[in-house]
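Take a look at the letters that make up each chain.
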Amino acid sequence: MLAGERLPKPPIWIMRQAGRYLPEYRELRATTASFMEFCYSPVKAAEATLQPIRRFGFDAAILFSDILVVPDALGQEVTFAEGEGPRLHPITLDGGLSRLADEIDLERLSPVFEAIERVRAGLGPETTFLGFCGAPWTVASYMIAGKGTPELAPSRLLAYRDPDFLVALIDRLVEASIRYLVRQFQAGVDAVQIFESFAGALTASGFERWSLQPIRRIVDGVRAQVPHARIIVFTRAAGAGHRLTAERTGADAVALDWAVNGAWAAENVQALKPVQGNLDPLTVVAGGQALEEGVRDVLAAFSSGPHIFNLGHGIVPETPVENVGKLVKLVRGETA
């Protein structure tokens, strides 16, 4: 599919498919004190990765980890506050970069690579295995603010006040991401996705400078070492910028958020590259007619070209498990 062929039925996997909506995941998660400890437990991370494959038979397993293991492996400690999300000691203009390592500590990430090896050994040949990383702008935004922030004001202000500082941080993240993704391929993933979760916060010029160009450098850097690496790029909330993502990043496929008009995306993005998405995750929460109509609309919009069925962002924790099963059946044309 990532090579550009159209399949009779689109493959299906969903972002964050390994996670809190599954009762078996919640049971497993309760055995570990902290989220980062869980991410760095190869046995548990591998089990979390495989749980949705066993339950739903998705066409791909998605590595259970987090985009913030990269700053953690650069020396910026990451913790997660229950119910509040990630917490980092902010990287500031006053000597902040000096607190980071020059290179990513791949030994710190060895549990992630062990988890990949364990999952690879547990997957059949019919199931694709996806790794991932966060795009530099998204990861830098967490590093600068120390947490998620509305409209990304801290990182946007820093970009205006001292762009050279942001360039230096982005450069470090580009090199770290290349090394991290290459090592994921070496450990056994078949493809990777680069998540630009905060593309929608950028101006048009900022999108080009802080998002598209760094992502292209990562794609080129990975392929310099893994020539046939398959890479999906997700520039969430980029709007018309999704076409630029297809044109300028070197991605094999472009993931689409739920706000993208399907007819427009088919003409302007799918005509260039395979696409992934773009069902609203809340239709899976709602179920019933909303889910059926949402699936039908997405399938119809992208019926003329290569398409991976997915959500327009991650599945939310309150999603009923039975609705996910219904989603898979609808996409595959199976009777309930």
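About the criteria used
Residues numbered from 1 in each chain as written. Predicted model: local features only at pLDDT ≥ 70, side-chain atom pairs only at ≥ 80, totals over all residues. Heavy atoms only, no water. Buried < 20%, exposed > 50% of the residue type's maximum accessible area, 1.4 Å probe, protein only. Helix = DSSP H or I, 4+ residues; strand = E, 2+ residues; numbered from the N terminus. Arc of directions from axis to C-beta. Contact = heavy atoms within 4.5 Å. Core = buried A, V, L, I, M, F, W, Y, C linked by side-chain atoms within 4.5 Å. UniProt positions renumbered as here; feature names shortened; annotations may be inferred. Phe/Tyr/Trp six-rings, centres within 6.5 Å; stacked < 30°, edge-to-face > 60°. 1 Å grid on protein atoms, 1.4 Å probe; cavity = no way out; pocket = protein on both sides within 12 Å on 5 of 7 lines; lining within 4 Å. Points joined across faces, edges and corners; volume = space filled by probe spheres on them. Nonpolar A, V, L, I, M, F, W, Y, C, P; charged D, E, K, R; others polar. Polar contact = N/O pair within 3.5 Å; in protein donor to acceptor, adjacent residues only side chain to side chain. Disulfide = S-S within 2.5 Å.

## Here's the deal with helix α10 (residues 241-248)
An α-helix turns once per 3.6 residues; consequently, residues spaced three or four apart project the same way.
Moving on, step 1. Of all the residues in α10, the buried ones are G241, H242, T245 and A246. The buried residues of α10 occupy one face: seen down the axis, they fall within an arc of 155 degrees.
Moving on, step 2. Those residues of α10 that are buried are in contact with α9 (204-225), β6 (230-235), β7 (253-255) and α11 (262-270).

## Examining the nonpolar core
Moving on, step 1. Counting 121 residues, the largest nonpolar core has V222 and L327 as the members making the most contacts within it.
Moving on, step 2. Once you skip the residues sitting within four places of it in the chain, L327 turns out to touch I12, I14, L279, V284, L291, V295, F309 and L311.

## Thoughts on the UniProt feature "domain: Uroporphyrinogen decarboxylase (URO-D)" (unreviewed entry) in the protein
Moving on, step 1. The UniProt record annotates "domain: Uroporphyrinogen decarboxylase (URO-D)" (unreviewed entry) at residues 11-20 and 130-146.
Moving on, step 2. This span, residues 130-146, is 59% helix and 29% strand, and a straight line between its end C-alpha atoms measures 28 Å.

## Here we look at the side chain of Q17
Moving on, step 1. One can find Q17 in the segment before α1 (23-29).
Moving on, step 2. Not counting the four nearest positions on each side in its chain, Q17 is found in contact with L22, P52, I53, F58, A60, A61, I62 and I315.

## A closer look at the packing of aromatic side chains
Moving on, step 1. What the rule picks out here adds up to 10 aromatic pairs.
Moving on, step 2. Between F38 and F64, the aromatic rings sit 5.2 Å apart at their centres with planes inclined by 85 degrees, giving edge-to-face as the arrangement. Within this pair, whereas F38 is found in helix α2 (residues 35-39), its partner F64 is found in the loop between β1 (60-62) and α4 (69-73), the two being separated by 26 residues in sequence. Per residue, the accessibility class of F38 equals that of F64, and both read buried.
Moving on, step 3. Note on Y142 and F198: the rings are 5.4 Å apart at their centroids and 45 degrees apart in plane angle, and the pair reads as tilted. In this pair, Y142 is assigned in helix α6 (residues 136-145) and F198 in the loop between β5 (191-196) and α9, connecting sequence segments 56 residues apart. Each of the two residues, Y142 as well as F198, counts as buried.
Moving on, step 4. Taken together, the ring pairs connect Y25, F35, F38, F64 and F80 into an aromatic cluster.

## Here's the deal with empty space enclosed by the protein
Moving on, step 1. Scanning the entire structure with this criterion turns up one cavity of 30 Å³ or more.
Moving on, step 2. Approximately 50 Å³ is the volume found for the largest cavity.
Moving on, step 3. Around the largest cavity sit W13, M15, I62, L130, G131, F132, Q193, F195, Q276 and N310, which together line it.
Moving on, step 4. Taken together, the elements giving at least two residues each to the lining of the largest cavity come down to β4 (128-134) and β5.
Moving on, step 5. For the lining of the largest cavity, the element with the most residues is β4, which contributes three residues.
Moving on, step 6. A breakdown of the residues in the lining of the largest cavity according to their chemical character gives six nonpolar, four polar and no charged.

## Here we look at the UniProt feature "site: Transition state stabilizer" (unreviewed entry) in the protein
Moving on, step 1. Here, UniProt's "site: Transition state stabilizer" (unreviewed entry) annotation points to D66.
Moving on, step 2. On the basis of relative accessibility, which here comes to 17%, the residue D66 falls in the buried class.
Moving on, step 3. Apart from residues no more than four positions distant in its own chain, D66 is found in contact with F35, C39, F80 and F132.
Moving on, step 4. A polar contact of 2.9 Å, which involves the side chain of D66, links it to the backbone nitrogen of L68.

## Looking at the state of the cysteines
Moving on, step 1. Taken as a whole, this structure holds zero disulfides when the rule is applied.
Moving on, step 2. Take C39: it sits in no disulfide, and the sulfur closest to it among the cysteines is that of C133, at 15 Å.

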